[in-house]
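Report on the structure
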Amino acid sequence: MKGINKGFTYFICLVSAMGGLLFGYDWVVIGGAKPFYELYFNISESPSYQGLAMSIALIGCMIGACGCGWLADRIGRKKLLVVSAVIFLVSSILTGAFSTFGAFLVARFFGGIGIGIASGLSPMYIAEVAPSHIRGKLVSLNQMTIVIGILAAQIVNWQIAAPIPDGFSSAEIAASWNGQMAWRWMFWAGAVPAVMFLLLVFFIPESPRWQALGLALNEKGRIDDKGCSVAVQKARATLTRIGGTTYAESELKAIATANTDAQEQAGLDTLFSKPFHKVLLLGIVIAVFQQWCGTNVIFNYAQEIFQSAGYSVGDVLFNIVITGVANVIFTLVAIFTVDKLGRRVLMLIGAAGLCIIYTALGCCYYMHLTGFGMIILVLMAIACYAMTLGPCTWVLISELFPNRVRAIAVATCTFALWMGSTTLTYTFPLLNKELNSYGTFLIYSLVCCCGFMFFLTRLPETKGKSLEQLGKDLVKK
C-alpha cells in the first residue's frame, strides 16, 4: 500500500517488540544459571526446590497475563509497556543480587509478572498500529525479538560460565567463579536491554485504536476547539503519521463503524457470552497448543534431552546455542511468509511437520540412537516451530478479536498459554521418567496430530483483513 511511513511504523513496532526480547531472555536465562545457583543455594539434591525455582516465574507469568488486559484498557498500552520495562529491570538486578533462596524466588516471581504482561501486550500493541497488509509480518517481529532474546541468553550463559575441568566435584564448582558469581551476571546482563526498552518506549505513541474507542479515561469528555474528542484527534494524528490523511480517515471510519453499538470496552462477562464462544475457544486452543506441541521443552530441559542423545555436559551449552541460532534463522523465514502464505497454512504445516519429526525422534530414542543425527532432528523440530507455530500464534491471538474485547481476550489467551507452558514444564520430567524420552515425544506427536485436525476444520484465514472486518466475521459465526 502506497503512503505507508515504513520507517516510523517499523520503529514503533520494533520498540514495542523489545518486550518480547526481554520475555525471551528472562525466560531462558535461568536454564544456564541453573547448575550453579542450585549449588549456591544448596538445592541440587532437592527436586521440589529445583522445580519451584524453575516454575515460580511461570506463576508470575499467569498473574501478569491476567492483569494485562484490565490494565491495558485502564491506563493504556504505552503506559503498561513502561510498567513492564521497569519490572524487567528491577527483577534482573535483584535476582542476581539476592543471596537467600527465598528472596531469589520473589525476584523471579516478579520477573514472571513482567513476562506475562509483555507476552500479551507487545503483539496486541503492534496489531493495533500495523496496516492490515503487513500486520502478520509486524506482529511476527515480536516473535523475532523473543527468539533473539532466547539466543542472547544462551550466548550470555555460554560466555559468562567459565570452563569446568573434568572431575570437578559439586563443592569445587560451588566455590568457583561459576558457583559464586557467574549465575548472578547471567541475570544482571538482562538489565542492559531492559534500560534500552524503558528509554525507547517513551518515543512511541499510544495505540490509536485504544484512543479512538474512547478508552483513554483521562480524555473522556474532553473536546477540542473544533468540537472533536481530544483522544480521537490524537488517534488521527498517529494514524496520519503511519499512513497519511486518507489512511487515517479510513481507519477511523472502520473503527467507528465496528463499534457503533459498543462504545465501551467489554469485560469477561461479554467475552464469555455466547457470540464470542467460538472465537474464544479458537484463541485458547491456539495459545495452549503452541506450548503443548512440546517444542519449548527443548529450551527448558535441553540438558536432559541432549544427554539422552549421548552428549556430555561439556557439549550441552554449545548445542543449546546452535538451537538458538536455528530458532532465529527460521523465525526470519516466518516474517517473510506469514503475509504471503497466510496464518492457516503455516499453522497446518507446523502441526503436521512436528508430528512427523517427533515420531522420528521418539523412534530414535527407542532404538537408542545417539550422535549428530539426533541433533539434526532437534534442529528440524525447532526450525519447523520457529517458522510456523511460534510466530503465528501471537499473530492470531492479537487479531482474532473485536476492538472492544481485544485487551481482555488477548490477556485470557495469554493466560491460557502460560497455563499450557506451566503444565508442559511440570509434566516433562514426570513423563520422561515414566515413559522415557521416546514415549514422551510420541505423546507430543499425538498432540500435534490432534492440533492439525482442529486447525484443518476450525481455523479460518485472517491475512489481509482489517481488525474490524475480522471481528465482524468471526464473532457472528
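Residues numbered from 1 in each chain as written. Predicted model: local features only at pLDDT ≥ 70, side-chain atom pairs only at ≥ 80, totals over all residues. Heavy atoms only, no water.

**Examining the overall build of the protein chain**
Basically, it comes down to this: Strands here mean DSSP runs of E at least two residues long; helices mean DSSP runs of H or I at least four residues long; both are numbered from the N terminus. Any residue under 20% of the maximum accessible area for its type is buried, any over 50% is exposed, and the rest in between are partly exposed; the area is computed with a 1.4 Å probe on protein chains only. We call two residues in contact when some of their heavy atoms are within 4.5 Å. For the area figures, the Shrake-Rupley method with a 1.4 Å probe applies, and any residue is considered shielded solely by the protein chains shown.
What the protein chain contains, in helices and strands, is 21 helices and zero strands. Out of the 477 residues in the protein chain, the part that is buried amounts to 58%. For the protein chain, restricting intrachain contacts to residue pairs at least 6 apart in sequence, the fraction spanning at least 24 positions comes to 83%. Here the protein chain has roughly 18800 Å² of accessible surface; of this, 69% comes from carbon and sulfur atoms.

**Structural notes on the packing of helix 19 (residues 389-399) against helix 20 (residues 403-458)**
The line we're drawing: A fitted line through C-alpha atoms represents every axis, and for helices the fit uses only the stretch in contact; the resulting angles, taken between N-to-C directions, go from 0 to 180 degrees. Amino acids are sorted into nonpolar (Ala, Val, Leu, Ile, Met, Phe, Trp, Tyr, Cys and Pro), charged (Asp, Glu, Lys and Arg) and polar (every other residue, Gly among them).
One can describe the packing of helix 19 onto helix 20 by two numbers: an axis separation of 8 Å at closest approach and a directional angle of 145°. Contacts between helix 19 and helix 20 involve Thr393, Trp394, Ile397 and Ser398 from the first element and Arg406, Val410, Cys413, Thr414 and Leu417 from the second. For the contact of helix 19 with helix 20, the residue count by class is five nonpolar, three polar and one charged.

**Focus on helix 18 (residues 372-386)**
How we decide: In this scheme, a helix's expected span is set at 1.5 Å multiplied by one less than its residue total.
For helix 18, which comprises 15 residues, the first-to-last C-alpha distance of 21 Å matches the rise-based estimate of 21 Å (1.5 Å per residue) to within 8%. For helix 18, the buried fraction is high: eleven of the 15 residues fall into the buried class. Listing the buried residues of helix 18 in full gives Met374, Ile375, Leu377, Val378, Leu379, Ala381, Ile382, Ala383, Cys384, Tyr385 and Ala386.

**Some words on the packing of aromatic side chains**
Two aromatic rings, taken as a pair, are described by how far apart their centres are and by the angle between their planes. Which entries qualify depends on this criterion: Pairing of aromatic rings covers Phe, Tyr and Trp, the last through its six-membered ring, and needs centres within 6.5 Å; plane angles under 30 degrees mean stacked, over 60 mean edge-to-face, and all others mean tilted. Placement of a charge over a ring requires the Lys NZ or Arg CZ to be within 6 Å of the ring centre, with the centre-to-atom vector within 35 degrees of the ring normal.
Applying the stated rule across the entire model yields 22 aromatic pairs. Ring centres 5.5 Å apart and planes at 80° place the aromatic pair phenylalanine 109 and phenylalanine 110 in the edge-to-face group. On the basis of relative accessibility, which here comes to 44%, the residue phenylalanine 110 falls in the partly exposed class. Three or more aromatic residues link up through ring pairs in this structure, and these residues are Tyr37, Tyr40, Phe41, Tyr49, Phe101, Phe104, Trp183 and Phe187. For the cation-ring pair, arginine 184 lies above tyrosine 40, with the distance from its terminal atom to the ring centre recorded as 5.0 Å.

**Structural notes on the side chain of arginine 209**
Heads up, the condition is: Two N or O atoms form a polar contact when they lie within 3.5 Å of each other; inside protein one atom must be a possible hydrogen donor and the other a possible acceptor, and for residues adjacent in sequence the pair counts only when both atoms belong to side chains.
Considering the arrangement of structural elements, one finds arginine 209 in helix 9 (residues 208-212). Within polar-contact distance, the side chain of arginine 209 engages the side chain of glutamate 251 at 2.7 Å. With residues up to four places along the chain from it excluded, the contact list for arginine 209 reads Ala127, Glu128, Glu251, Ile255, Asn403, Arg406, Leu467 and Glu468.

**Comments concerning the nonpolar core**
Which entries qualify depends on this criterion: For this analysis, a nonpolar core means a set of buried residues of the types Ala, Val, Leu, Ile, Met, Phe, Trp, Tyr and Cys, connected via side-chain atoms within 4.5 Å.
By size, the foremost hydrophobic cluster in this structure holds 145 residues, and its most contacted members are Tyr37, Phe104, Ile286, Leu354 and Trp418. Tallying contributions element by element places helix 1 (residues 6-40) first for this core, with 18 residues. Those residues in contact with isoleucine 286, other than ones at most four positions away along the chain, are Met347, Thr393, Leu396, Ile397, Leu400, Phe455 and Leu459.

**Notes on unusual backbone geometry**
Despite not being glycine, histidine 368 has its phi angle at roughly 60°, a positive value. Take histidine 368: it is sitting in the loop between helix 17 (343-366) and helix 18. Looking at histidine 368, the relative accessible area reads 67%, which means it is exposed. The phi dihedral of asparagine 436 is positive, around 65°, even though this residue is not glycine. Among the structural elements, asparagine 436 can be located in helix 20. Exposure remark for asparagine 436: the relative accessible area of 40% places this residue in the partly exposed category.

**Comments concerning the state of the cysteines**
Test applied: By disulfide we mean two sulfur atoms from cysteines, separated by a distance within 2.5 Å.
What the rule picks out here adds up to zero disulfides. Here cysteine 364 stays free of any disulfide, with the sulfur of cysteine 363 as its closest cysteine sulfur at 7.0 Å. With no disulfide partner, cysteine 450 has as its closest neighbouring cysteine sulfur the one in cysteine 449, 5.7 Å distant.

**Thoughts on the packing of helix 2 (residues 47-75) against helix 4 (residues 101-129)**
Helix-helix packing is described using two parameters, namely the angle between the two axes and the distance between the axes. Going by this rule: Oblique is the label for every angle not falling under 35 degrees (roughly parallel), over 145 degrees (roughly antiparallel), or within 65 to 115 degrees (roughly perpendicular). Should the near helix be turned anticlockwise from the far one by less than a right angle, the crossing is termed left-handed; should it be turned clockwise, right-handed.
The geometry of helix 2 relative to helix 4 is characterised by a closest axis approach of 6 Å and an angle of 40° between their N-to-C directions. Regarding the angle of helix 2 to helix 4, the classification is oblique. Our pair here, helix 2 against helix 4, has a crossing hand that is right-handed. Per-class residue counts for the contact of helix 2 with helix 4 are 20 nonpolar, five polar and one charged.

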